[in-house]
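Close look at the chain arrangement
The primary structure of each chain is shown beneath.
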Amino acid sequence: MQVVEAKDFKIPIVGLGTWALRGRECARLVEQAIRIGYRHIDTAQMYDNEAAVGEGVRASGLRSEVMITTKVQPERLAPHDLERSVKQSLAHLRLDVIDLLLIHWPNPRVPLAETLGAMAKMKREGFVRQIGVSNFTVALLAEANKVSPEPLVCNQIECHPFLDQDKVIAACRKAGMAVVAYSPIARGGANGDEVLERIGKAHDKSAAQVCLRWLTQQGIVVIPRTSKIERLGENIALFDFELSDTEMREIAGLARRDGRIVDWSWSPKWD
Ligand SMILES: NC(=O)c1ccc[n+]([C@@H]2O[C@H](COP(=O)([O-])OP(=O)(O)OC[C@H]3O[C@@H](n4cnc5c(N)ncnc54)[C@H](OP(=O)(O)O)[C@@H]3O)[C@@H](O)[C@H]2O)c1
């Protein structure tokens, strides 16, 4: 598995997303994913599946080789709440350490310096290995990098060909942070797209694989989710073909104004 390096931390370039996966199904998918080569699993306190993720990781027998990310809910970003929730996540996961801890969504009601200070403390005390953020804008990234006592290794953001994320990607690169793409196959929307299907045919690949390849070829980490064991293999078979510059540009041209899938309207607002 290829890795993306950020601030001396190596992130496997393909991970398994687990939003909406629960219970035995989730544990089974995680275990099988690791068995076939996944080395990165993405969960969150909000997904209510940390216990199942931990069960799958332990069942694989390969815990030490796998990077586990979890994310703190926005309403738990005050230092005391954050520390308690991280300990709860570890108890649910039943693992030794959280490899990567992210702020799931920013919360304007809690000063960033306080949250990042608490995350740094969790790192110093050995509960987590590395810290980062998710759903951070260019402006928030600048503030976070200024006030964080510890390096921030990534920004996990919605990223796929139908959404132009060039500005925030450039800001991550400038700050030495990895970009982790969530909803990387546009929640299944890659399939059926005429351009992705046509390019896929030329390489004997599916539209979903073209979508994932387009991202990984730019050095972007992807965390596709599937509930189907048979698709796990498809979603990591990305390294035996290469998109040409023309194909890369054509795919970038699919971005549109209404391309965002994940709804931000529920998230805490700035006054
Ligand atoms: N940080 C955040 O705020 C945030 C927000 C959203 C998501 N995430 C993370 O990112 C992960 C991925 O994003 P996502 O779950 O939103 O969307 P996604 O991975 O882009 O798409 C998942 C959907 O695509 C389908 N699919 C998977 N592989 C496929 C293939 N090879 N061909 C065709 N369809 C395929 C799946 O259906 P089947 O199950 O039928 O295969 C599922 O419906 C999440 O699971 C979560 O871990 C983070």
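A brief structural summary. Because the structure is predicted, anything quoted here is derived from the model rather than measured.

Each helix and strand in the protein was counted, giving 10 helices and 10 strands. Its C-alpha atoms give the protein a radius of gyration of 18 Å, within 12% of the compact-globule value 18 Å for 271 residues. Viewed in the frame of its principal axes, the protein has a C-alpha envelope of about 55 × 45 × 35 Å. Split into buried and exposed, the 271 residues of the protein put 56% on the buried side. Considering only intrachain contacts with a sequence separation of at least 6, the fraction spanning at least 24 residues in the protein is 76%. As presented, the protein carries roughly 12000 Å² of accessible surface, and 48% of it is formed by carbon and sulfur atoms. Charge separation in the protein, taken as the distance between the mean sites of 36 positive and 35 negative side-chain charges, equals 3 Å.

So, on to the side chain of Gln 73. Position of Gln 73 relative to the elements: it lies in the loop between β5 (67-72) and α3 (79-93). For Gln 73, the side chain forms a polar contact with the side chain of Glu 75, separated by 2.4 Å. In this view, Gln 73 contacts Gln 45 and Met 46; residues no more than four positions away in its chain are not counted.

Near the ligand you find 29 residues, and of these Arg 187, Arg 225, Thr 226, Ser 227 and Lys 228 are the closest. Between the ligand and Trp 19 there is a distance of 3.0 Å, counted from an oxygen atom to a backbone nitrogen or oxygen. At 2.9 Å from a nitrogen atom of the ligand is found a side-chain nitrogen or oxygen belonging to Asn 235. Here the ligand has 900 Å² of accessible area as a free molecule, and 92% of this is covered by the chains. One can see that the ligand is located within the largest pocket. Among the residues forming the shell around the ligand, the class breakdown is 10 nonpolar, 12 polar and seven charged.

What follows covers the pattern of salt bridges. Taken as a whole and judged by the stated rule, the model has 14 salt bridges. Measuring nitrogen to oxygen at the nearest pair gives 2.7 Å for the salt bridge that ties Lys 71 to Asp 42. In this pair, Lys 71 is assigned in strand β5 and Asp 42 in strand β4 (residues 40-42), connecting sequence segments 29 residues apart. Owing to a relative accessible area of 0%, Lys 71 belongs among the buried residues under this scheme. A salt bridge links Lys 121 to Glu 125; the nearest nitrogen and oxygen atoms lie 3.7 Å apart. A residue is classified by how much of its surface remains accessible, and Lys 121, at 29% relative accessible area, is partly exposed. Salt bridges here are not isolated pairs; linked through shared partners, they connect Arg 63, Asp 96, Asp 99 and Arg 129.

Let's shift gears to the layout of surface pockets. Here the largest pocket defines a volume of roughly 710 Å³. If you go around the largest pocket, you meet 33 residues; those closest to its centre are Trp 19, Ser 183, Pro 184, Arg 187 and Arg 225. Considering only residue class, the lining of the largest pocket consists of 14 nonpolar, 12 polar and seven charged. In this model, the second largest pocket occupies a volume close to 190 Å³. What lines the second largest pocket is a set of 15 residues, and nearest its centre among them are Asp 164, Gln 165, Asp 166, Trp 214 and Gln 218. Contributions of two or more residues to the lining of the second largest pocket are made by α6 (166-174) and α8 (207-216). Among the elements that make up the lining of the second largest pocket, the one with the highest residue count is α6 (three residues). Here the lining of the second largest pocket is composed, by residue class, of nine nonpolar, three polar and three charged.

Calculation notes
- Residues numbered from 1 in each chain as written.
- Predicted model: local features only at pLDDT ≥ 70, side-chain atom pairs only at ≥ 80, totals over all residues.
- Heavy atoms only, no water.
- Helix = DSSP H or I, 4+ residues; strand = E, 2+ residues; numbered from the N terminus.
- Rg over C-alpha atoms; globule rule 2.2 N^0.38 Å.
- Buried < 20%, exposed > 50% of the residue type's maximum accessible area, 1.4 Å probe, protein only.
- Contact = heavy atoms within 4.5 Å.
- Areas by Shrake-Rupley, 256 points an atom, 1.4 Å probe, with all protein chains shown as cover.
- Lys, Arg positive; Asp, Glu negative; His and termini not counted.
- Charge placed at Lys NZ, Arg CZ, Asp CG, Glu CD.
- Polar contact = N/O pair within 3.5 Å; in protein donor to acceptor, adjacent residues only side chain to side chain.
- Near = heavy atom within 4 Å.
- 1 Å grid on protein atoms, 1.4 Å probe; cavity = no way out; pocket = protein on both sides within 12 Å on 5 of 7 lines; lining within 4 Å.
- Sits in = over half its atoms within 2 Å of the grid points.
- Nonpolar A, V, L, I, M, F, W, Y, C, P; charged D, E, K, R; others polar.
- Salt bridge = Lys/Arg side-chain N within 4 Å of Asp/Glu carboxyl O.
- Points joined across faces, edges and corners; volume = space filled by probe spheres on them.

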